[in-house]
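Coordinates in review
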Amino acid sequence: MSQHFFHDEISLAEKAEELGRQAMKLGLIPSFVVHHFPDSWEFYIPDQKTSVPLTPEEAYLKLKKLVESSSSTV
């Protein structure tokens, strides 16, 4: 079973941001933007056509899948 390094929404958002930096470093995404609001964070991960806001949960899952798939192909 995999370990999770978050316990609340803020630590989940921080982990998603960390995965975003890792994905950029690996060249998997060209950029990402995080909008910090008092009650929530919005993640924007651009693709070829659009960039829709993602919740921390959605961003975490998408970025985790990208990073894990790149490490499995190496």
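Residues numbered from 1 in each chain as written. Predicted model: local features only at pLDDT ≥ 70, side-chain atom pairs only at ≥ 80, totals over all residues. Heavy atoms only, no water.

**Let's talk about the pattern of salt bridges**
All chains considered together, the criterion is met by three salt bridges. Arg-21 is paired through a salt bridge with Glu-17; the nearest N and O atoms lie 3.2 Å apart. With Arg-21 and Glu-17 both in helix α1 (residues 9-25) and four residues apart, this pair spans about one turn of that helix. Lys-64 is the partner of Glu-68 in a salt bridge, and the nearest nitrogen-oxygen pair spans 3.8 Å. With Glu-68 and Lys-64 both in helix α2 (residues 56-73) and four residues apart, the pair spans about one turn of that helix. (Salt bridge = Lys/Arg side-chain N within 4 Å of Asp/Glu carboxyl O. Helix = DSSP H or I, 4+ residues; strand = E, 2+ residues; numbered from the N terminus.)

**A short note on the pairing of strand β2 (residues 41-44)**
In terms of strand pairing, strand β1 (residues 33-36) meets β2 through four bridges, oriented antiparallel. Looking at the pairing, Val-33 lines up with Tyr-44 of β2. Here β1 folds back onto β2, and the loop between the two strands holds four residues. Two elements, β2 and strand β3 (residues 53-54), share two bridges in a ladder whose sense is antiparallel. Paired with Phe-43 across the bridge in β3 is Leu-54. (Pairing = 2+ DSSP bridges.)

**Some details on α1**
The end-to-end C-alpha distance of α1, which contains 17 residues, comes to 24 Å, matching closely the 24 Å that a straight helix rising 1.5 Å per residue would cover. Within the span of α1, buried status applies to Ser-11, Leu-12, Ala-13, Lys-15, Ala-16, Glu-17, Leu-19, Gly-20 and Ala-23. Taken from the residues just after α1, Gly-27 is the one with a positive phi, measuring 80 degrees. (Expected span 1.5 Å × (residues − 1). Buried < 20%, exposed > 50% of the residue type's maximum accessible area, 1.4 Å probe, protein only.)

**Examining the environment of Ser-11**
Among the secondary structure elements, Ser-11 is positioned in helix α1. C-alpha of Ser-11 to C-alpha of Pro-56: the two residues are 45 residues apart in sequence and 9.6 Å apart in space. Here the side chain of Ser-11 touches Asp-8 through a polar contact of 2.8 Å, side chain to side chain. (Polar contact = N/O pair within 3.5 Å; in protein donor to acceptor, adjacent residues only side chain to side chain.)

**Regarding the confidence of the model for the protein chain**
The pLDDT averaged across the protein chain works out to 86; a share of 88% of its residues lies at or above 70. The secondary-structure element of the protein chain with the lowest mean pLDDT is α2, recorded at 90, while β2 shows the highest, at 93. (pLDDT = per-residue confidence, 0-100.)

**Re the sheet that holds β2**
Each strand in a sheet pairs with another by means of backbone hydrogen bonds, the pair being arranged parallel or else antiparallel. Read from one edge to the other, the open sheet built from three strands follows the order β1-β2-β3, with strand pairing classed as antiparallel. Unpaired on one side and paired on the other, β1 and β3 mark the two borders of the sheet. The strands that α1 touches are β1 and β2; relative to β2, the one it contacts most, it runs at about 20 degrees. (Contact = heavy atoms within 4.5 Å. Axes fitted to C-alpha atoms, helices over the stretch in contact; angles between N-to-C directions.)

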